[in-house]
Amino acid sequence: MTSPHPPAPASGPAGPDEPPADTPADTSTGTSAPTSGVGELSRRAALNTAVRSVAEILGKVATLAWTVAAARTLSTEDFGAVSYALTLMLLLSSVAAWGFDSGLVRRGAAEPDSLPRLYRATQVEKTGLGLVVFSVASLVAVQSRADTGTWVVIVLMVLAGFPEMWSQSARGAAAVRQSAAAVSSALVVQRLVTAVVIVAALGLGLGPVGVASGFLVGTLAGWGAHVLAVRHLDLHTRTRELTREDLAAAASGTFLLGVSSLVLMLLFRLDAVLLAALKGDEAVAVYSVAYRLLETVLFVAHAINQAVLPVLSSTSSTLRRRNAFERGVAVAGFVYLPFAVVCVVEGERVLRLLFGAPYGEAAAPVLAWLAPAPMLFAIAFFGNSLMLAQQRNRLLLASSVLALAVNTGLNLALIPAYSGVGAAIATSVAYLAQSLLVVYVVRDLEDRPRLLQPLTSAALGGVVLLGVLLALDLPVVVELALGGVVYLAAWALASRRLAPDQYAVVAGVARRVARR
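Residues numbered from 1 in each chain as written. Predicted model: local features only at pLDDT ≥ 70, side-chain atom pairs only at ≥ 80, totals over all residues. Heavy atoms only, no water.

Student: Teacher, can you tell me more about the nonpolar core here?
Tutor: As a rule of thumb, nonpolar side chains are buried together in soluble globular proteins. Tyr336 and Phe382 are the most contacted members of the largest nonpolar core, which totals 136 residues. In terms of residue count, helix H11 (residues 281–313) provides more of this core than any other element does, 15 residues in total. Setting aside residues up to four positions removed in sequence, Phe382 forms contacts with Ala301, Ile304, Asn305, Phe325, Gly328, Val329 and Ala332. (Core = buried A, V, L, I, M, F, W, Y, C linked by side-chain atoms within 4.5 Å. Buried < 20%, exposed > 50% of the residue type's maximum accessible area, 1.4 Å probe, protein only. Helix = DSSP H or I, 4+ residues; strand = E, 2+ residues; numbered from the N terminus. Contact = heavy atoms within 4.5 Å.)

Student: How should I be thinking about unusual backbone geometry in this particular structure?
Tutor: A negative phi angle characterises most non-glycine residues, just as the trans form characterises most peptide bonds. For Trp98, which is not glycine, the phi torsion reads 50 degrees and is therefore positive. In this structure, Trp98 sits in the loop between helix H2 (76–97) and helix H3 (100–110). We note that Asp234 has phi near 60 degrees; this positive angle belongs to a residue other than glycine. Along the polypeptide, Asp234 turns up in the loop between helix H8 (207–229) and helix H9 (244–251).

Student: Would you explain the confidence of the model for the protein in this entry?
Tutor: In this model, the protein carries a mean pLDDT of 83, and residues with pLDDT of at least 70 account for 84%. Summarising per-element confidence for the protein, the mean pLDDT is lowest in strand E1 (residues 25–26) (32) and highest in H8 (96). In the model, residues 1–38 has pLDDT below 50 throughout and makes 73 contacts with residues more than four positions away in sequence or in other chains. (pLDDT = per-residue confidence, 0-100.)

Student: Would you explain the packing of H2 against H8 in this entry?
Tutor: The relative placement of two packed helices is expressed as an angle between their axes plus a distance between the axes. Viewed as axis vectors pointing N to C, H2 and H8 meet at an angle of 30 degrees, and their least axial separation amounts to 9 Å. Taken together, H2 and H8 sit at an angle that is classed as roughly parallel. Considering the relative orientation of H2 and H8, their crossing is right-handed. On H8, the residues touching Asp78, Val82, Leu86 and Met89 of H2 are Pro208, Val211 and Phe215. Broken down by class, the residue content of the contact of H2 with H8 amounts to six nonpolar, no polar and one charged. (Axes fitted to C-alpha atoms, helices over the stretch in contact; angles between N-to-C directions. Parallel < 35°, antiparallel > 145°, perpendicular 65-115°, else oblique. Left-handed = near helix turned anticlockwise from the far one by under 90°. Nonpolar A, V, L, I, M, F, W, Y, C, P; charged D, E, K, R; others polar.)

Okay, here's the thing in structure tokens:
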């Protein structure tokens, strides 16, 4: 096993568990002396997460809006074709992006002065690999789809992978600098432009080709917004100034990261590809409306991880890493446990409200089986980041390969008989297997993280929410609003008694966001 990263220099980004500058450190143990209250740096990292989360909420609402419009406007087969093309683009982008962005965040947090050259080199590496991957995929798409309109949709979606990859690198660099506001706004711009153009295209009757064209236009606009957003982060290095050493540094240590990222993306997207192959585009459409609701809340895990990963990479303190992991799990549980309750109890009514009656009944069982997936995904995701910070790359890859093997086997066994429900079962069971392995591995670390304690407050609130939803018989929007208020009250009461540090961070961030 290799040693963990050394602590970042003083000028580097501070994480949520970094002590204030005037806090004495216990050099014998590597931990800081006790301090009163929640540190300012804890609040700053938590605020970064909150800013990203607010931006992601706005962006996800915009994405959900154009998805709802497409599902209601297009035929089931055409909507399935669009969903398949989007899935294919994301899979191919994962190949082209490899592990470059994770390497950028990890190395940039540990060596802040190298970030500008790493950022530019990462862009060059991803673009070069993308040209090869996307070109080959487009040729295959042309040959495999007899319908001209369908392969045009695929080609347009694949082209959108370039600006999407570039924007992801910009967000990674901003995470290292702990400067979330500008890139978060850029992401909102991208999602809003995409939604507006797609809805307009649907209104003009342009069909699935109009949807794919709108997605491409939105990602290009988003890339322009991201370029403006990172101008103040001192990332100014021209491509022609890069050396072979810079390109080698950007690629160094990314092989296992790239394989792991690809495996994770396959785990996340393989179900739709297999559904298309085994059951056709209509089955993909039904599965996609349920999966879209799951994707709408997964931003929480990614937003938390963008704040947590630099913390894990910039410190060698196992105590600080444990605290970062536990806080990430607690925040994820705050969102994902009530989400699971709503999916199981009110899933069909929510689907009918958003996508229409044809999808409500067909997709409700799919959504119910997907309900636990976000929480399981978050635990595995944060655990992988913890192993990444410890440079346990082989274990990280092993956990992903295990989950992919479980997912693939169950998909092939269940999809022929159960279609989208089988794919949903495979997804949740695969994330369960991965999270169990990750928890087993990280519990082997010194200062091993706790898992149940960070989830206690959200679990108690979820039980109260379950009772409210079962007891009420009101319009679904009213039920969810009332249930949300009751859940927040129950969570606040439980967290103030059981985890006052978590309550203090969340309440402080909420006040700051409200003032903004």
